[in-house]
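Remarks on the overall topology
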Amino acid sequence: GGGCAPAGGGSVPVLFCFSVFARPSSVPHGAGYELLIQKFLSLYGDQIDMHRKFVVQLFAEEWSQYIDLPKGFLVNERCKVRLVPLQIQITTLGNLTPSSTVFFCCDMQERFRPAIKYFGDIISVGQRLLQGARLLGIPVIVTEQYPKGLGSTVQEIDLTGAKLVLPKTKFSMVLPEVEAALAEIPGVRSIVLFGVETHVCIQQTALELIGRGLEVHIVADATSSRSMMDRMFALERLARTGIIVTTSEAILLQLVADKEHPKFKEIQNLIKASAPESGLLSKV
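Residues numbered from 1 in each chain as written. Predicted model: local features only at pLDDT ≥ 70, side-chain atom pairs only at ≥ 80, totals over all residues. Heavy atoms only, no water.

What follows deals with the sheet that holds strand S8 (residues 164-168). Across the sheet, six strands lie side by side as S8-S7-S6-S9-S10-S11; this open sheet has parallel pairing. One side of each edge strand has no neighbouring strand; the edge strands of this open sheet are S8 and strand S11 (244-246). Between one strand and the next, the sheet's axes are offset by a mean angle of 20°, whatever the strand orientation. Pairing between strand S9 (residues 190-196) and strand S10 (residues 215-224): six bridges, direction parallel. Along S10, the bridge assignment pairs Val192 with His217. Most of the contacts of helix H7 (residues 248-256) go to S10, to which it runs at about 135°, and overall it touches strand S6 (101-106), S9, S10 and S11. (Pairing = 2+ DSSP bridges. Helix = DSSP H or I, 4+ residues; strand = E, 2+ residues; numbered from the N terminus. Axes fitted to C-alpha atoms, helices over the stretch in contact; angles between N-to-C directions. Contact = heavy atoms within 4.5 Å.)

What follows is about the packing of helix H5 (residues 198-211) against helix H6 (residues 228-240). At a minimum axis separation of 9 Å, H5 and H6 run at an interaxial angle of 15°. Classified by the angle between their axes, H5 and H6 sit roughly parallel to one another. Here H5 runs over H6; the crossing is right-handed. Within the contact between the two elements, H5 uses Thr198, His199, Gln203, Ala206 and Leu207 and H6 uses Asp230, Arg231, Ala234, Leu235, Arg237 and Leu238. Each residue belonging to the contact of H5 with H6 can be placed in one class, and the counts come to five nonpolar, three polar and three charged. (Parallel < 35°, antiparallel > 145°, perpendicular 65-115°, else oblique. Left-handed = near helix turned anticlockwise from the far one by under 90°. Nonpolar A, V, L, I, M, F, W, Y, C, P; charged D, E, K, R; others polar.)

For the rest of this paragraph, the subject is the nonpolar core. As a rule of thumb, soluble globular proteins bury nonpolar side chains together. Counting 32 residues, the largest nonpolar core has Phe103, Phe119, Leu129, Phe194 and Ile251 as the members making the most contacts within it. Elements represented by at least two residues in this core include exactly S6, helix H2 (119-136), strand S7 (140-145), S9, S10, H7 and helix H8 (264-273). The biggest single contributor to this core is H2, with eight residues. In contact with Phe103, other than residues within four places in its own chain, are Leu129, Ala133, Ile138, Pro139, Val140, Ile141, Val192, Phe194, Ile251 and Leu255. (Core = buried A, V, L, I, M, F, W, Y, C linked by side-chain atoms within 4.5 Å. Buried < 20%, exposed > 50% of the residue type's maximum accessible area, 1.4 Å probe, protein only.)

Right, let's talk about the packing of aromatic side chains for a bit. Counted according to the given criterion, the structure contains five aromatic pairs. Each member of the aromatic cluster is reached from another via a ring pair, and the members are Phe16, Phe18, Phe21, Phe40 and Tyr44. Over the aromatic face of Phe59 sits the side chain of Lys80, whose NZ or CZ is 4.5 Å from the ring centroid. (Phe/Tyr/Trp six-rings, centres within 6.5 Å; stacked < 30°, edge-to-face > 60°. Lys NZ or Arg CZ within 6 Å of the ring centre and 35° of its normal.)

Within the element layout of this structure, Asp107 appears in the loop between S6 and H2. One polar contact links Asp107 to Lys168, side chain to side chain, over a distance of 2.9 Å. With near-sequence residues (within four places) excluded, Asp107 lies in contact with Phe112, Thr143, Glu144, Gln145, Lys168, Val196 and Cys201. (Polar contact = N/O pair within 3.5 Å; in protein donor to acceptor, adjacent residues only side chain to side chain.)

In structure tokens:
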């Protein structure tokens, strides 16, 4: 069915299909895409992951199969529709541009200093990344895990200009305030994530972010744990889910992309000034 709704209103029977389920229901004459989506949510809301993207399809008798819902479709006769979730693409190209990137700095706090392997080195690389973010105008979101007990972000890391600095008790950085901040930034596609601990807060943050359709880049030389075993297996697991495990130098040079970029010299100087040789990358 499609085209203009007949005068007089009323409702039209529609079979709503999702996954292995099919439920007969009805919608008002002239219902379009938005109303169909609302109906799907009312019927299957507990089974639908709202962070996924979907296509609505219509069963076309002439083809004896489902076709993508035609543009401007309006329900005016009995029909069968289905909701198809789009799969998250596992193979990602990992292109980065400053305008579509946000940096996430996770729990680089004072109380972790004695416990986290190579903590001094990841502080140094974290400083470099945040300086790069300021030079390139990239928003920075910072969290602190239970700062009342674990202290604030270490003094060496300059948080000047950070978009958000938030306390948390949840391991993941994906808090309501963070989601609201991301929604305010137009065209965000990529998150550059670093901090501690790799197998806890970093891992849980990364998995939540890709579940929302964002591309995640974990900076291996700015990310650590108390145990190198935990760190290694977390990075391996995350890489298998399509998360990009990379380095600070690769990130910064990808963001400028061209020797002629107006900030290239400053970014190059950042890289030259602080490149710790810790052995951290040999344990990725």
